[in-house]
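Understanding the architecture of this molecule
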Amino acid sequence: MRKGSVLSLVQELRSGRRFLCSLDHNSEIVASIAALAKALGVETGAVSAIGALQRAEIGYYDQVSHEYKTIEIDHPVEIASLAGNVSIRDAVPFLHAHATLADSEGNLLGGHLQSGTVFAAEVYLRELVGRPLVRRHDPTTDLYLWSETD
Ligand code: ZN
């Protein structure tokens, strides 16, 4: 689809393999899920996870300055929800994930998951098969977004 339409990109993919994975204690969650996708040969997919982190960094993208503000979470939190996807950036599987994290009082913080140290984490990775989705720099947002591969 082209400029002027409601959708900038639509790509039909088929369901592929599905994996349930437990991440190692003390591993870094974003790098671990990306490494998992690479090791399993998943180029495009959907990710969800629950578990707990010992600490985390959440990003908030400032739409004016085009920079991430980092919110440091220096205490243990539950991963109340993690939703993300895997696609290709710079020729390797790249994880884009957002998380909702809960503290000991049940208060929630959330946003773009930049990093987190795993206490325990259970990941559900769903492979999507077809032409892989590829991220490229988008000058409008200054983000790496899915783009037409042609
Ligand atoms: Zn994000």
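Note that the structure is a prediction, hence the values are computed from the model and not measured.

Observations regarding the environment of Lys38
Relative to the assigned elements, Lys38 resides in helix α1 (residues 29–40). On the basis of relative accessible area, Lys38 is assigned to the exposed category, the value being 55%. Along the sequence, Lys38 and Val92 sit 54 residues apart, while their C-alpha atoms lie 7.2 Å from each other. With residues up to four places along the chain from it excluded, the contact list for Lys38 reads Val92 and Pro93.

A look at unusual backbone geometry
If you check the backbone angles, Asn26 has positive phi at about 80° while not being a glycine. If you trace the backbone, Asn26 turns up in the loop between β1 (14–23) and α1. Since its relative accessible area comes to 51%, Asn26 is described here as exposed. One non-glycine residue with positive phi stands out, namely Ala91, at about 75°.

Parameters and conventions
- Residues numbered from 1 in each chain as written.
- Predicted model: local features only at pLDDT ≥ 70, side-chain atom pairs only at ≥ 80, totals over all residues.
- Heavy atoms only, no water.
- Helix = DSSP H or I, 4+ residues; strand = E, 2+ residues; numbered from the N terminus.
- Buried < 20%, exposed > 50% of the residue type's maximum accessible area, 1.4 Å probe, protein only.
- Contact = heavy atoms within 4.5 Å.

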